Amino acid sequence: MNFRLVPMDKSHLQAIADIERACFSAPWSASMLEEELYNDTASYIVAEGEDGTVLGYAGLRAVLDEGYIDNVAVAKAFRRLGVADALISAFCRFGRAKLAFLTLEVRASNEGAIALYIKHGFTEAGRRKAYYQNPVEDAILMTLEFPREGSEDPE
Ligand SMILES: CC(C)(COP(=O)(O)OP(=O)(O)OC[C@H]1O[C@@H](n2cnc3c(N)ncnc32)[C@H](O)[C@@H]1OP(=O)(O)O)[C@@H](O)C(=O)NCCC(=O)NCCS
């Protein structure tokens, strides 16, 4: 399946909000997503099909050298085609160049997403009890660290 990764712009907002509603119990609205366009710490990338269809998207907040992945989702019809792989790979490349770590929360039952993050080197760093509502569920905190060159102990 051919797709390209592009920065999120206004033309994507409604399609992303639709995917949010289909995927999450506390979805981000188009206007919440629009605010992220003006947030200097936020970077959203969109996977677009050849005809411009929004297949999936992911959002990263970078504060100093800390990266927080806020949203990742792929429309149901386009899953298991490598779209999320491409989105997370892009954030990992950015992280390797610019960040000390990437971190995110995921529902404890979300086996597909957990497998995705493990594939990219994330490991479980903790658990937030009853973090999610509708239904109430723990969050697994997952982190990927990027050791700086020369940061190893010289011994
Ligand atoms: C999780 C999600 C983003 C994966 O998107 P995707 O484009 O289908 O994923 P990919 O095709 O790129 O798969 C990449 C890897 O993720 C893992 N994976 C993805 N979906 C999986 C599933 N249903 N079961 C098991 N592993 C899965 C696999 O390791 C896969 O690698 P592989 O194909 O080599 O086995 C997608 O299912 C989704 O949008 N879910 C609803 C929203 C969501 O849960 N977002 C995450 C919130 S933290």
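Here the structure is a predicted model, which means the values were calculated and not measured.

**Student:** Describe the packing of helix 1 (residues 13-23) against helix 2 (residues 30-37), with residues and values.
**Tutor:** It is at 9 Å that the axes of helix 1 and helix 2 come closest, and there the two elements cross at 125°. Considering their axes alone, helix 1 and helix 2 lie oblique with respect to each other. Classified by chirality, the crossing of helix 2 by helix 1 is right-handed. Facing helix 1, whose interface residues are Leu-13, Gln-14, Ile-16 and Ala-17, helix 2 presents Ala-30, Leu-33, Glu-34 and Leu-37. In terms of residue class, the contact of helix 1 with helix 2 is made up of six nonpolar, one polar and one charged.

**Student:** Please provide a residue-by-residue account of the UniProt feature "domain: N-acetyltransferase" (unreviewed entry) in the chain, values included.
**Tutor:** In the numbering used here, UniProt assigns the "domain: N-acetyltransferase" (unreviewed entry) feature to residues 1-147. End C-alpha to end C-alpha, residues 1-147 measures 34 Å, and it is 30% helix and 39% strand.

**Student:** Would you mind going over the nonpolar core in detail, with residue names and values included?
**Tutor:** Judged by nonpolar contacts, the single largest core of 28 residues is most densely connected at Ile-69, Ile-88, Leu-102, Val-106, Tyr-117, Phe-122 and Met-142. Among the elements of the structure, strand 2 (42-49), strand 3 (54-63), strand 4 (66-74), helix 3 (83-98), strand 5 (101-107), helix 4 (111-119) and strand 7 (137-145) are those that each provide at least two residues to this core. Residue contributions to this core peak at seven residues, all from helix 3. The residues touching Met-142, leaving out its near neighbours within four places in the chain, are Leu-102, Thr-103, Leu-104, Val-106, Ile-114, Tyr-117, Ile-118, Phe-122, Thr-123, Glu-124 and Ala-125. Residues Ile-19, Ala-42, Tyr-57 and Ala-73 belong to the second largest nonpolar core, which totals 14 residues.

**Student:** Would you mind going over the environment of Ser-43 in detail, with residue names and values included?
**Tutor:** Mapping Ser-43 onto the fold places it in strand 2. Judged by its relative accessible area of 35%, Ser-43 falls in the partly exposed class. Along the primary structure Ser-43 and Phe-91 are separated by 48 residues, whereas in three dimensions their C-alpha atoms are 9.5 Å apart.

**Student:** Could you give an account of the sheet that holds strand 1 (residues 3-7), with specific residues and numbers?
**Tutor:** Taken in spatial order, the seven strands line up as 1-2-3-4-5-7-6 in an open sheet, and their pairing is mixed. Bordering the open sheet on either side are strand 1 and strand 6 (123-132), each of which pairs with just one other strand. Taken over all neighbouring pairs, the strand axes of this sheet differ in orientation by 25° on average, direction set aside. With six bridges joining them, strand 6 and strand 7 adopt antiparallel strand pairing. Residue pairing for strand 7: Thr-123 is matched across the bridge by Thr-143. Running at roughly 90° to strand 3, helix 1 makes contact with strand 2, strand 3 and strand 4 of the sheet. Sheet strands in contact with helix 4 are strand 4, strand 5 and strand 7, and its direction is about 165° off that of strand 5.

**Student:** Now, about the pattern of salt bridges: what can you tell me, with residues and values included?
**Tutor:** Scanning all chains against the criterion turns up nine salt bridges. In this structure, the salt-bridge partner of Arg-4 is Glu-48, at a minimum N-O distance of 3.0 Å. A residue pair is termed long-range when its members are at least 10 positions apart, and Arg-4 in strand 1 and Glu-48 in strand 2 qualify at 44 residues. Residue Glu-48 is classed as buried on the basis of its relative accessible area, which comes to 9%. Between Asp-70 and Arg-61 there is a salt bridge whose closest N-O contact spans 2.8 Å. On the basis of relative accessibility, which here comes to 32%, the residue Asp-70 falls in the partly exposed class. The exposure class assigned to Arg-61 is partly exposed, which follows from its relative accessible area of 29%. The structure contains a network of salt bridges with shared partners spanning Arg-127, Lys-129 and Asp-138.

Reading guide: rules and limits
- Residues numbered from 1 in each chain as written.
- Predicted model: local features only at pLDDT ≥ 70, side-chain atom pairs only at ≥ 80, totals over all residues.
- Heavy atoms only, no water.
- Axes fitted to C-alpha atoms, helices over the stretch in contact; angles between N-to-C directions.
- Helix = DSSP H or I, 4+ residues; strand = E, 2+ residues; numbered from the N terminus.
- Parallel < 35°, antiparallel > 145°, perpendicular 65-115°, else oblique.
- Left-handed = near helix turned anticlockwise from the far one by under 90°.
- Contact = heavy atoms within 4.5 Å.
- Nonpolar A, V, L, I, M, F, W, Y, C, P; charged D, E, K, R; others polar.
- UniProt positions renumbered as here; feature names shortened; annotations may be inferred.
- Core = buried A, V, L, I, M, F, W, Y, C linked by side-chain atoms within 4.5 Å.
- Buried < 20%, exposed > 50% of the residue type's maximum accessible area, 1.4 Å probe, protein only.
- Pairing = 2+ DSSP bridges.
- Salt bridge = Lys/Arg side-chain N within 4 Å of Asp/Glu carboxyl O.

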